[in-house]
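For reference, the chains in residue letters:
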Number of protein chains: 2
Amino acid sequence: MSVPKIVVLGAGYGGLMTVKGLQKKLHYNEAEVILVNLNPYHYITTKLHEPAAGTSHPDHARIMINSVINQQKVKFIQDKVTAIKLEDKTVQLENNKPISYDYLVIGLGSAPETFGIKGLLENAYFIRNINSVRIIREHLEYMFARYQSEQKDELITIVVGGAGFTGIEFIGELVDRMPELCHEYDVPLEKVRIVNVEAAPTVLPGFDKDLVDYAVKYLEGKGVEFILSTPIEECKEDGVILKGGKEIKAATVVWTGGVRGNKLVEESGIETMRGRVKVDEYLRAPGYENVFVLGDSSLVFNEEERPYPPTAQMSTQQGQLLGENLASKIRGGEMKPFKYMPKGTVASLGRREAIGTVGDKKLVGGKAAFMKKLIDMRWLYLLGGISLVLKKGKL
Amino acid sequence: MSVPKIVVLGAGYGGLMTVKGLQKKLHYNEAEVILVNLNPYHYITTKLHEPAAGTSHPDHARIMINSVINQQKVKFIQDKVTAIKLEDKTVQLENNKPISYDYLVIGLGSAPETFGIKGLLENAYFIRNINSVRIIREHLEYMFARYQSEQKDELITIVVGGAGFTGIEFIGELVDRMPELCHEYDVPLEKVRIVNVEAAPTVLPGFDKDLVDYAVKYLEGKGVEFILSTPIEECKEDGVILKGGKEIKAATVVWTGGVRGNKLVEESGIETMRGRVKVDEYLRAPGYENVFVLGDSSLVFNEEERPYPPTAQMSTQQGQLLGENLASKIRGGEMKPFKYMPKGTVASLGRREAIGTVGDKKLVGGKAAFMKKLIDMRWLYLLGGISLVLKKGKL
């Protein structure tokens, strides 16, 4: 009566798609599938910039795991993974007994990459998960609430470190939120500073130049200041010091400058680069036939041997394939190699503005914003069908 | 063409009633009436505990001054009073030229009385005005938002210093707010601590014992802890130290333990007791025929020569009489002596609970809560008639 035991760590895009695939393909007596996740919910990483800025409620960016898995086929354990023991084929948990596996799927996501910037971990805020974005929102409101009493400009100065996807999308939401926030706390809107600091010479590196120009012009029109080609040297409690010595006083510093893999993966002994695993074509960790890595923990290279950036789209495609591959393997079949199929990218700039590419088409403004919403809804559809789209989706 | 110049400092209960009385009794050419106030709005001190706890919006506790005065008869100057020069009969302002007066009305309100408790001014929060209660609300939410990440119990521990009117009413609102706040930030309600610390042996000193027992039982039933007969010795950034050495770790300490008069009054040279002026029967400062003091800046004694506590009811009655008296005096008439007529008192314990006395009747529960709302609406009616009641009142 012993069936293969598949343990999936992390209910992110990759982990959830793997589990959804397995529960669809396999009968309940073909495998034991266990999903482990820290929280009882999945959070939609691509939407976290909204509750961080306060333009939507955190509940719009999370979905209860038990509502989207088939509990007859998948056992969900809410716990924190504390170690992965590859030699023993077990996973250690904080509050439960260790669990053994025949197949392990690691989708434990990322951690902030600080590039050694002094004080960043201690003093900056991060758009990482539901808890961290609630803190950003409440911190911001607290600072704005104090402005009328203390009249210090740094209370209403926000520095965003990093001009990648998350940084720019967060700034877009901030710009949307400011009029309301200023009205609420009697803060003069023209006194608010939103400063984006980026070490690279451009915002949204890798994005089409016309679209980048559109985004910068739009955000500058809303008063956002861009400081490019300038690394942050130090993050202090009351602001940042830039390379060259310039200081910006700011009560709120949000770091979006990059991510690295989860340290549990490094600690397991798997070979990593910045905590991420260069997986083989079947998404396996080098040297382990039965250990699969996906999402932000994995590293996939394109034909020019450059790594794809870690995105929800990438994780989703990996999970979709892995669910099928594991089901096939358990039945003695073949696995298919993974090939990333980029379907386009849209970066939102607030509720009604966005830029993006779909195929070879460039989109800006309302059309791009509409596209972004369709992408969000597609994920809801993959997770929970049309009923979840109706429940959580919004146009 | 020279007419007497009446300058009213402060648009609190007393100041506004004085001005309302003057504009009703006098023609525009009988006196020059100037009202000076720091903010463009009057705030309803007796409601500040609600926005402090977050159960209502601060806008429900403020009213724009220009909307309730007759600008043909009263000139409103929004500025901060920096000094009162009695010898020169002038008042100095921060951003405007000094103004001279023939009659001065001082209704500058109170400041927190800290009784020399170490660290209180630096580390505690105060229910004083619109800005200070916004800060309490946002601070609370920020602490609750951090709980899931940091899991420190002190983040969700609230110490309220003082069990007088403001302290108990604030605690009543906190109790109402907690279920929602806990739900919002995934905080277990049973982990929240609300601790009321009071130096006196009873809460609500001076209140009927049966009513006090009702209030304490109700709040204890909601989990509130009372520590009576125990002064706070020190307020630190992370909590309080009680007399005897016991420490309570708490990220939020709100001090409601007492008020004293505004220091500008002391600095003017008028004789004060804890910053408050023992006024004569016409509400005049001792030794000054033309300087009137009312509200929290004044001290009125009852027949047993004990001071009445400073309340909105007291200030309102003072302002009503003073408006009439000044109008009469300007026309060469007599002034009437002030006699406080207590009309009853109601302390709310949240939205649907309260305790109070009206005449010799005791009220508890829903009836008392209803009474409280009627009292609130009466103030709106005095200020702005039925239209303001309809706009701002709620049942």
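Residues numbered from 1 in each chain as written. Chains lettered and ligands numbered in written order. Predicted model: local features only at pLDDT ≥ 70, side-chain atom pairs only at ≥ 80, totals over all residues. Heavy atoms only, no water.

## Concerning the relation of the copies chain B and chain A
Superposition record for chain B on chain A: RMSD 0.0 Å, screw rotation 180 degrees, translation along axis 0.0 Å. Those values place the two copies in the arrangement expected of a two-fold rotation axis. Of the interface residues in chain B, 100% have counterparts in chain A that sit at the interface too, so the contact is made through matching surfaces. (Least-squares fit on C-alpha atoms with pLDDT ≥ 70 in both. Contact = heavy atoms within 4.5 Å.)

## Quick word on the UniProt feature "domain: FAD/NAD(P)-binding" (unreviewed entry) in chain A
The residues that UniProt annotates with the feature "domain: FAD/NAD(P)-binding" (unreviewed entry) are residues 5-319 of chain A. For residues 5-319 of chain A, the helix share is 28%, the strand share is 26%, and the end-to-end C-alpha distance is 17 Å. (UniProt positions renumbered as here; feature names shortened; annotations may be inferred. Helix = DSSP H or I, 4+ residues; strand = E, 2+ residues; numbered from the N terminus.)

## Things to note about empty space enclosed by the protein
All names here are of chain B. Counted according to the given criterion, the structure contains 4 cavities of 30 Å³ or more. The computed volume of the largest cavity comes to approximately 50 Å³. Taken together, L22, Q23, L26, H27, Y28, A31, V33 and K73 make up the lining of the largest cavity. Residues that form the lining of the largest cavity fall into these classes: 5 nonpolar, 2 polar and 1 charged. (1 Å grid on protein atoms, 1.4 Å probe; cavity = no way out; pocket = protein on both sides within 12 Å on 5 of 7 lines; lining within 4 Å. Points joined across faces, edges and corners; volume = space filled by probe spheres on them. Nonpolar A, V, L, I, M, F, W, Y, C, P; charged D, E, K, R; others polar.)

## Observations regarding the pairing of strand 24 (residues 354-358) of chain B
All names here are of chain B. Judged from the 4 bridges that link them, strand 23 (residues 345-348) and strand 24 form a sheet pairing that is antiparallel. In the sheet register, T345 faces strand 24, and the bridge partner there is T357. What sits between the antiparallel neighbours strand 23 and strand 24 is a turn of 5 residues, in which G350 has the positive phi angle 105 degrees. The pairing of strand 24 with strand 25 (residues 361-364) spans 4 bridges and is classified as antiparallel. What sits directly across from T357, in strand 25, is K362. The turn linking strand 24 back onto strand 25 is made up of 2 residues, and G359 within it adopts a positive phi angle of 60 degrees. (Pairing = 2+ DSSP bridges.)

## Section: the sheet that holds strand 7 (residues 90-93) of chain B
All names here are of chain B. Sheet architecture is open: 3 strands sit in the order 6-7-8, paired in antiparallel fashion. Each having just a single partner strand, strand 6 (81-85) and strand 8 (99-100) make up the two edges of the open sheet. Judged from the 2 bridges that link them, strand 7 and strand 8 form a sheet pairing that is antiparallel. Looking at strand 8, one finds that V91 is bridged to I99.

## Overview of the interface of chain B and chain A
Contact residues are listed per partner, giving 19 residues for chain B and 19 residues for chain A. Together, the buried faces of chain B and chain A total about 1800 Å²; carbon and sulfur atoms form 44% of this surface. A salt bridge links D186 of chain B to R134 of chain A, with the shortest nitrogen-to-oxygen separation between them at 3.2 Å. Between chain B and chain A we count 14 residue pairs in polar contact (both at pLDDT 80 or more) in total. Here the side of chain B that touches chain A takes 11 residues from helix 4 (residues 130-150) of chain B, the largest share from any one element. For the side of chain B that touches chain A, a count of residues per class yields 7 nonpolar, 5 polar and 7 charged. (Buried area = accessible area lost by both parts, 1.4 Å probe. Salt bridge = Lys/Arg side-chain N within 4 Å of Asp/Glu carboxyl O. Polar contact = N/O pair within 3.5 Å; in protein donor to acceptor, adjacent residues only side chain to side chain.)

## Points about the pairing of strand 16 (residues 239-242) of chain A
Residue and element names in this part refer to chain A. In strand 16, alternate side chains face the same way, and those of G239 and I241 on one face and V240 and L242 on the other are all buried. One ladder, built from 4 bridges, connects strand 15 (residues 232-236) with strand 16; its direction is antiparallel. From the neighbouring strand, C235 faces strand 16, where its bridge partner is V240. The hairpin formed by strand 15 and strand 16 contains 2 residues between the paired strands. (Buried < 20%, exposed > 50% of the residue type's maximum accessible area, 1.4 Å probe, protein only.)

## A word on the pattern of salt bridges
Applying the stated criterion across every chain, the model contains 54 salt bridges over all chains. A salt bridge links E141 of chain B to R177 of chain B, with the shortest nitrogen-to-oxygen separation between them at 2.8 Å. Here E141 of chain B is found in helix 4, whereas its partner R177 of chain B is found in helix 5 (residues 165-184), with 36 residues between them in sequence. You can call E141 of chain B buried: its relative accessible area is 5%. A relative accessible area of 5% places R177 of chain B in the buried class. Between E303 of chain B and K339 of chain B there is a salt bridge, with the nearest N and O atoms lying 3.8 Å from each other. Highlighted residues: E303 of chain B in the loop between strand 22 (298-299) and helix 8 (312-330) and K339 of chain B in the loop between helix 8 and strand 23, separated in sequence by 36 residues. An identical accessibility class is assigned to E303 of chain B and K339 of chain B; each is exposed. If you follow the salt bridges from partner to partner, you end up with R137, E138, E141, R177 and E180 of chain A in one network.

## Comments concerning the packing of aromatic side chains
A complete count under the given rule lists 7 aromatic pairs over all chains for this structure. An angle of 70 degrees between the planes, with centres 4.7 Å apart, marks the rings of Y308 of chain B and Y340 of chain B as edge-to-face. Pair noted here: Y308 of chain B is in the loop between strand 22 and helix 8 and Y340 of chain B is in the loop between helix 8 and strand 23, with a separation of 32 residues, a long-range link. We note that Y308 of chain B, like Y340 of chain B, is buried. In this structure, K278 of chain A packs its charged tip against the face of F301 of chain A, placed 4.5 Å from the ring centre. Taking the ring centre of Y142 of chain B as reference, the NZ or CZ of R146 of chain B above it sits at 5.5 Å. (Phe/Tyr/Trp six-rings, centres within 6.5 Å; stacked < 30°, edge-to-face > 60°. Lys NZ or Arg CZ within 6 Å of the ring centre and 35° of its normal.)

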